[in-house]
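One-letter residues, chain by chain:
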Amino acid sequence: MIPQRKLCNLVQTRNFFKFLPSTEKSPEAVSVKAVRNSFGKYNLVEPCAVSARRTVPSYIPKPSYAESSVPGDPPKTPEIKNSNQIECMSHSCILAKRILNQIPAFIKPGVTTDLIDEKIHDIIINNGAYPSPLNYRGFPKSICTSINNVACHGIPDNRPLQEGDILNVDITVFLNGYHGDCSAMYQVGNVDEEGKRLISATETCLLEAIKICKPDENFSSIGSVIEETAKKHGFGVIPAFAGHGIGTYFHGPPDILHFVNNVEGKMQAGMTFTIEPILTQGGSEIEILEDGWTAVTTDDARTAQIEHTILITETGCQILTQ
Ligand code: MF3
Ligand code: CO
Ligand code: CO
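In what follows, the accompanying structure is described.

1. Here's the deal with the overall build of the protein
Turning to step 1, where the next piece is worked out: The helix and strand inventory of the protein stands at 5 helices and 17 strands.
Turning to step 2, where the next piece is worked out: In summary, the protein has a C-alpha radius of gyration of 19 Å against a globular reference of 20 Å for 322 residues, a match within 12%.
Turning to step 3, where the next piece is worked out: Along the first, second and third principal axes, the C-alpha set of the protein runs to 55 × 50 × 35 Å.
Turning to step 4, where the next piece is worked out: Split into buried and exposed, the 322 residues of the protein put 57% on the buried side.
Turning to step 5, where the next piece is worked out: Taking as baseline every contact in the protein between residues at least 6 positions apart, the subset at least 24 positions apart corresponds to 73%.
Turning to step 6, where the next piece is worked out: Summed over all atoms, the accessible surface of the protein reaches about 13,600 Å², with 51% contributed by carbon and sulfur.

Right under this line is the structure:
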């Protein structure tokens, strides 16, 4: 059975373009649908209500966009970081991962992603850091939570987690002037076999891609490894979202494509970037909801995404968000 949703503290609601005209904002009009199809058995996610924006104390150092929502320009080409910069990156990444490790305590039926956002927001601030997503190009919350058919950039809201959900939680922190970015997949109660297989194939793709990263390797090799590994497991890759260079900027060059490509560019020691493939059970097409962020599959297929920030070293690479 699908639990009845209780909608509280409505501040803003989000609708599918395809179901409602943008002037109609009643959350009651958005229904919960369970599907049992070739992709498995799971609840289709439709966006719920987003609570008021959380605040960050004035003593927390903030990225340039925290007030304006507009990020400063990243470097034009992939940056080679010196040992001081690498040390800063390492601290940010370790913090992001340490906080991500606390997520399992929240993963149970009935818990809303808004509550998880609230708790993680506070933990990030208590560690002297700023939650990088907050107001980044206007993103309204401190983490991204992407459930089932939401491919990425899901906005935490008052939808309670439901038995059988699979979800990505993506945490980025801004600490000592540098961003650290990682995400992982979580399972709510019992998840069907197809959901479990999707998650483990995604993890394999990411780890296989990391294995080949070293100085002089083409960035494009990452996409080949990921797409081929995904295919071998019977899954596809969502091409619309790329990994990215990261540093004092949240997103910069290089773009790390997760599908077969021949974009030029080679890895060099001192580069830091993310790899964050999204695998799908179905087609690779997505659409963005009218909130401007939530990316959903157009065929309602479930997706899984896992992300690490890595550093290219003299001999290979190091996972900074290990
Ligand atoms: N953390 C996400 C990434 O992996 C970025 C989300 S952008 C946000 O790149 F604004 F939604 F936070
Ligand atoms: Co990222
Ligand atoms: Co991320």
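2. Digging into the state of the cysteines
Turning to step 1, where the next piece is worked out: Evaluated as defined, the whole model comprises 0 disulfides.
Turning to step 2, where the next piece is worked out: Of all cysteine sulfurs, the one in C93 lies closest to C88, which takes part in no disulfide; the gap is 11 Å.
Turning to step 3, where the next piece is worked out: Free of any disulfide, C144 has its nearest neighbouring cysteine sulfur in C152, separated by 7.7 Å.

3. Points about the coordination of the cobalt ion (ligand 3)
By definition of the ideal shapes, a tetrahedral metal site with four donors has angles of 109.5 degrees and an octahedral site with six donors has angles of 90 or 180 degrees.
Turning to step 1, where the next piece is worked out: Coordination sphere of the cobalt ion (ligand 3), protein contribution only: D170 (OD), D170 (OD), D181 (OD) and E307 (OE), at 2.0 to 2.3 Å.
Turning to step 2, where the next piece is worked out: In the primary structure, the donors to the cobalt ion (ligand 3) are separated according to the pattern D-x10-D-x125-E.
Turning to step 3, where the next piece is worked out: The metal-metal distance between the cobalt ion (ligand 3) and the cobalt ion (ligand 2) is 3.3 Å, with D181 serving as a donor to both. With D170 in strand β6 (residues 166-175) and D181 in strand β7 (residues 178-187), this residue pair connects regions lying 11 residues apart in the sequence.

4. Considerations on the pattern of salt bridges
Turning to step 1, where the next piece is worked out: Considering all chains together, one arrives at 10 salt bridges under this definition.
Turning to step 2, where the next piece is worked out: Ionic pairing is found between K211 and E208, a salt bridge with its closest N-O pair at 2.9 Å. Separated by 3 residues within a single helix, K211 and E208 lie in helix α4 (residues 193-211), roughly one turn from each other.
Turning to step 3, where the next piece is worked out: When its relative accessible area of 62% is taken as the criterion, K211 is described as exposed.
Turning to step 4, where the next piece is worked out: Among the ionic contacts, a cluster of salt bridges with common partners joins R54, D114, D117 and K141.

5. Quick word on the coordination of the cobalt ion (ligand 2)
Turning to step 1, where the next piece is worked out: Every protein donor of the cobalt ion (ligand 2) is accounted for by D181 (OD), H244 (NE2), E276 (OE) and E307 (OE), and the metal-donor separations fall at 2.0 to 2.3 Å.
Turning to step 2, where the next piece is worked out: Each donor residue of the cobalt ion (ligand 2) belongs to the same chain, with the gaps between them written as D-x62-H-x31-E-x30-E.

6. A short note on the packing of aromatic side chains
Turning to step 1, where the next piece is worked out: Under the defined criterion, the tally for this structure stands at 4 aromatic pairs.
Turning to step 2, where the next piece is worked out: Relative to Y136, the ring of Y65 has its centre 5.0 Å away and its plane inclined at 80°; by these criteria the two rings are edge-to-face. Pair noted here: Y65 is in helix α1 (residues 65-68) and Y136 is in the loop between β3 (130-131) and β4 (144-147), with a separation of 71 residues, a long-range link. Residues Y65 and Y136 agree in their burial class; the two are buried.
Turning to step 3, where the next piece is worked out: Cluster of aromatic residues (ring-pair linked, three or more members): Y65, Y136 and F250.

7. Quick look at the packing of α4 against helix α5 (residues 220-232)
Turning to step 1, where the next piece is worked out: The geometry of α4 relative to α5 is characterised by a closest axis approach of 9 Å and an angle of 150° between their N-to-C directions. As summarised for this structure, α4 and α5 are arranged roughly antiparallel, according to the angle between their axes. The chirality of how α4 crosses α5 is right-handed. Within the contact between the two elements, α4 uses T204, C205, E208 and A209 and α5 uses I222, V225, I226, T229 and A230.
Turning to step 2, where the next piece is worked out: Partitioning the contact of α4 with α5 into residue classes produces 6 nonpolar, 2 polar and 1 charged.

8. Digging into the sheet that holds strand β12 (residues 278-280)
Turning to step 1, where the next piece is worked out: Overall, antiparallel pairing links the 3 strands, which are arranged β8-β12-β15 in an open sheet. Edge positions in the sheet fall to β8 (236-237) and β15 (303-305), since each has one partner strand and no second.
Turning to step 2, where the next piece is worked out: For β8 and β12, the ladder comprises 2 bridges, and the chain directions are antiparallel. Across the sheet, the residue bridging to G236 is T280, located in β12.

9. Some details on the site of ligand 1
Turning to step 1, where the next piece is worked out: Of all residues adjacent to ligand 1, which total 14 residues, the nearest are P133, D170, H251, E276 and E307.
Turning to step 2, where the next piece is worked out: H244 is positioned with one of its side-chain polar atoms (N or O) 3.1 Å from an oxygen atom of ligand 1.
Turning to step 3, where the next piece is worked out: Contact distances for ligand 1 include 2.9 Å between an oxygen atom and a side-chain N or O atom of E307.
Turning to step 4, where the next piece is worked out: If ligand 1 stood free it would expose 330 Å²; the protein chains cover 97% of that surface.

The rules behind each value
Positions within a chain are numbered from 1, following the residues in the order the chain's sequence is written. In the order they appear in the text, chains get letters beginning with A and ligands get numbers beginning with 1. In keeping with the model being predicted, local features are shown solely for residues with a pLDDT of at least 70 and side-chain atom pairs are shown and tallied solely at 80 or more, while totals for entire chains, interfaces and linings include all residues. Neither water nor hydrogens contribute to the side-chain values; these are computed over all heavy atoms in the structure. Put simply, DSSP H or I for four residues or longer makes a helix, DSSP E for two residues or longer makes a strand, and each gets a number counted from the N terminus. The globule rule used here is 2.2 Å times the number of residues to the 0.38 power, and the radius of gyration it is set against is calculated over C-alpha atoms. For each residue, the accessible area found with a 1.4 Å probe, counting protein chains only, is set against the maximum for its type, and the residue is called buried under 20%, exposed over 50%, and partly exposed in between. Residues count as neighbours in contact if any of their non-hydrogen atoms are within 4.5 Å of one another. Note on areas: Shrake-Rupley, 1.4 Å probe, and residue coverage restricted to the protein chains presented here. Criterion for a disulfide: a pair of cysteine sulfur atoms at a distance within 2.5 Å. Only nitrogen, oxygen and sulfur atoms count as donors, using a 2.8 Å cut-off from the metal that widens to 3.2 Å for Na, K and Ca. Water is left out, so coordination shells may look unfilled. Any carboxyl oxygen of Asp or Glu that lies within 4 Å of a side-chain nitrogen of Lys or Arg is treated as forming a salt bridge with it. Any two rings among Phe, Tyr and Trp, with Trp reduced to its six-membered ring, count as a pair given centres within 6.5 Å; such a pair is stacked if its planes are under 30 degrees apart, edge-to-face if over 60, and tilted if neither. Axis lines are fitted to C-alpha atoms, over the contacting stretch for helices. Their N-to-C directions set the angle, which ranges from 0 to 180 degrees. Roughly parallel here means an angle under 35 degrees, roughly antiparallel means over 145, roughly perpendicular means 65 to 115, and every remaining angle is called oblique. Each crossing gets its handedness from the near helix: less than a right angle anticlockwise from the far helix is left-handed, clockwise is right-handed. When residues are sorted by character, Ala, Val, Leu, Ile, Met, Phe, Trp, Tyr, Cys and Pro go into the nonpolar class, Asp, Glu, Lys and Arg into the charged class, and all the rest, Gly among them, into the polar class. We call two strands paired when DSSP finds no fewer than two bridges between them. If even one non-hydrogen atom of a residue comes within 4 Å of a molecule or strand, that residue is called near it. Two N or O atoms count as a polar contact when they lie within 3.5 Å, although within protein this holds only if one can serve as hydrogen donor and the other as acceptor, and sequence-adjacent residues are included solely when both atoms are side-chain atoms.

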